[in-house]
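Structural features, examined
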Amino acid sequence: MDAHLELVDLLATSSRVVGFTGAGVSTESGIPDFRSPGGVWTRYDPRSFELERYVADAGVRRLSWEMRREFFAPEARPNPAHRAFAALEAAGRSPGVITQNIDGLHQDAGSQHVVELHGTAREVRCIGTPRGPVVGGCGWRAPHTWAFERLDAGEDDPSCPGCGQLVKSATVSFGQVLDPEVVDEAVRLVRSADLLLTTGSSLQVHPAAGLPAEARGHGARLVIVNDERTPYDDLADLVVRGRAGEVLGPAVEAVLGR
């Protein structure tokens, strides 16, 4: 059977489809990944902003805010893949989506339950003054535009208005541990699935990459939609080569139109 038709059949016979998305979903909305020519990451090595360096060096923090401003310069919008996951949730066929992306496009598309493993670039937060991989802080958070407003007002290293300590994008940096509550919610969601629909992820970054095996271990079927081979292809019930939106958009439309 054609892989696209098989995907439609798998979706049609599933009632708890959990999405798991990576950078390949966002690139179709114009947000470059690490490898995209001319993208933000070709001018800023994200490893330069690892947590320890960010905490220790005001110059690194200034460069980080400059990079974030560039990240938001393109007006990215949800693509058919984002809308497909939102449509499945709205139809009562999905309890939510887990994403490695930090751009908020799943929410823009209408998804209500989004587990953001690597945080969100749309907010900034107080991180206190970490002395290790775990951030703390006083709990203050604000939209990302707060930082740009402070920078435009002449502050080159904005600090927390609540406690005066360090502020950072509410994303997970290199050298920073993932929020254990967020990881637990992702695992809970995966364990509830009867189909895990993994899309646009190389499945090479752990612990996120372990979610497909977690799903299979709890009886869910596994579909991988990706342009390139992943380490979990042999574990999957179905692998579809192609771009996320071009594959998922028509498949979900076919299922919900039945």
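Residues numbered from 1 in each chain as written. Predicted model: local features only at pLDDT ≥ 70, side-chain atom pairs only at ≥ 80, totals over all residues. Heavy atoms only, no water.

Going by the annotation in an unreviewed UniProt entry, the name recorded for the protein is protein acetyllysine N-acetyltransferase, with Nocardioides marmoribigeumensis given as the source organism.

Counting 24 residues, the largest nonpolar core has Leu7, Leu11, Leu197, Val223, Val225 and Leu248 as its most contacted members. Mapped by element, the contributors of at least two residues to this core are helix 1 (3-12), helix 6 (80-90), strand 7 (195-199), strand 8 (221-226), strand 9 (238-241) and helix 11 (244-256). The element contributing the most residues to this core is helix 11, with six residues. Not counting residues up to four positions away in its chain, the partners in contact with leucine 197 are Leu7, Leu11, Val17, Val18, Gly19, Phe20, Phe85, Val223, Val225 and Leu248. In terms of nonpolar packing, the next biggest core, distinct from the first, is built from 22 residues, Phe20, Leu178, Ala186 and Ala209 among them. (Core = buried A, V, L, I, M, F, W, Y, C linked by side-chain atoms within 4.5 Å. Buried < 20%, exposed > 50% of the residue type's maximum accessible area, 1.4 Å probe, protein only. Helix = DSSP H or I, 4+ residues; strand = E, 2+ residues; numbered from the N terminus. Contact = heavy atoms within 4.5 Å.)

Let us look at the pairing of strand 6 (residues 166-171). Taken across its six residues, strand 6 has six buried, putting it largely inside the fold. Both strand 4 (residues 119-128) and strand 6 contribute to a ladder of five bridges, which runs antiparallel. Within strand 6, the position partnered with cysteine 126 by the bridge is valine 167. (Pairing = 2+ DSSP bridges.)

Inspection of helix 6 places Ala81, His82, Ala84, Phe85, Ala86, Leu88 and Glu89 among the buried residues, and these make up the whole buried set. Packing partners of the buried residues in helix 6 comprise strand 1 (17-21), helix 2 (23-26), strand 2 (96-99), helix 7 (105-109), strand 7 and helix 11. The N-cap of helix 6, judged by a side-chain oxygen 2.8 Å from the amide nitrogen of alanine 81 a few residues on, is asparagine 79. After helix 6 finishes, the residue glycine 92 shows a positive phi value of roughly 80°. (Polar contact = N/O pair within 3.5 Å; in protein donor to acceptor, adjacent residues only side chain to side chain.)

Time to look at the side chain of histidine 82. Among the secondary structure elements, histidine 82 is positioned in helix 6. Of the residues examined, histidine 82 reaches a relative accessible area of 0% and is grouped as buried. Residues in contact with histidine 82, not counting those within four places in the same chain, are Val25, Ser26, Ser29, Leu105, His106 and Ala109.

What follows covers the sheet that holds strand 6. Picture the strands of a sheet paired through backbone hydrogen bonds; they go either parallel or antiparallel. In spatial order, the strands read 5-4-6; together these three strands make up an open sheet with antiparallel pairing. The sheet is open, and its two borders are formed by strand 5 (141-143) and strand 6, each paired with just one other strand. Here the average twist between neighbouring strands, direction ignored, is 30°. Packed onto the sheet, helix 5 (residues 58-71) meets strand 4 and strand 6 and runs at close to 35° relative to strand 6. Against the sheet, helix 8 (residues 145-152) touches strand 4, strand 5 and strand 6, its axis set at about 80° to strand 5. (Axes fitted to C-alpha atoms, helices over the stretch in contact; angles between N-to-C directions.)

Another point: the packing of helix 1 against helix 11. When two helices pack together, their arrangement is given by the angle between the helix axes and by the axis-to-axis distance. Packing of helix 1 against helix 11 leaves a shortest axis separation of 9 Å and a crossing angle of 50°. Considering the angle they form, helix 1 stands oblique to helix 11. The crossing of helix 1 and helix 11 is right-handed. Of helix 11, the residues touching helix 1 (which contributes His4, Leu7, Val8, Leu11 and Ala12) are Val247, Leu248, Ala251, Val252, Ala254 and Val255. Its residues assigned to classes, the contact of helix 1 with helix 11 comprises ten nonpolar, one polar and no charged. (Parallel < 35°, antiparallel > 145°, perpendicular 65-115°, else oblique. Left-handed = near helix turned anticlockwise from the far one by under 90°. Nonpolar A, V, L, I, M, F, W, Y, C, P; charged D, E, K, R; others polar.)

Time to look at the pairing of strand 4. Among the ten residues of strand 4, seven are classified as buried, and the element is accordingly described as predominantly covered. When strand 4 meets strand 5, the two strands line up antiparallel, connected through three bridges. Residue pairing for strand 5: arginine 125 is matched across the bridge by arginine 141.

To continue, consider the sheet that holds strand 7. An order of 3-2-1-7-8-9 is seen for the six strands of this open sheet, with the pairing classed as parallel. Looking at which strands have only one partner, the edges of the open sheet turn out to be strand 3 (114-116) and strand 9. With strand direction ignored, the average angle separating the axes of adjacent strands in the sheet is 15°. Note that strand 2 and strand 3 share three bridges and pair parallel. The residue of strand 3 that forms the bridge with threonine 99 is glutamate 116.

On to helix 8, then. Looking only at helix 8, the buried set comprises Trp146, Ala147, Phe148 and Leu151. In this fold, the buried residues of helix 8 make contact with helix 5, strand 4, strand 5 and strand 6. Two residues or fewer past helix 8, glycine 154 is found with a positive phi of approximately 110°.

With that settled, the discussion passes to the pattern of salt bridges. Tallied over the entire structure, the rule returns 14 salt bridges. In this structure, aspartate 157 and arginine 61 form a salt bridge, with 2.7 Å as the shortest nitrogen-oxygen distance. Here aspartate 157, found in the loop between helix 8 and strand 6, pairs with arginine 61, found in helix 5; they are 96 residues apart in sequence, far enough to count as distant. Assessed through its relative accessible area of 8%, arginine 61 is described here as buried. (Salt bridge = Lys/Arg side-chain N within 4 Å of Asp/Glu carboxyl O.)

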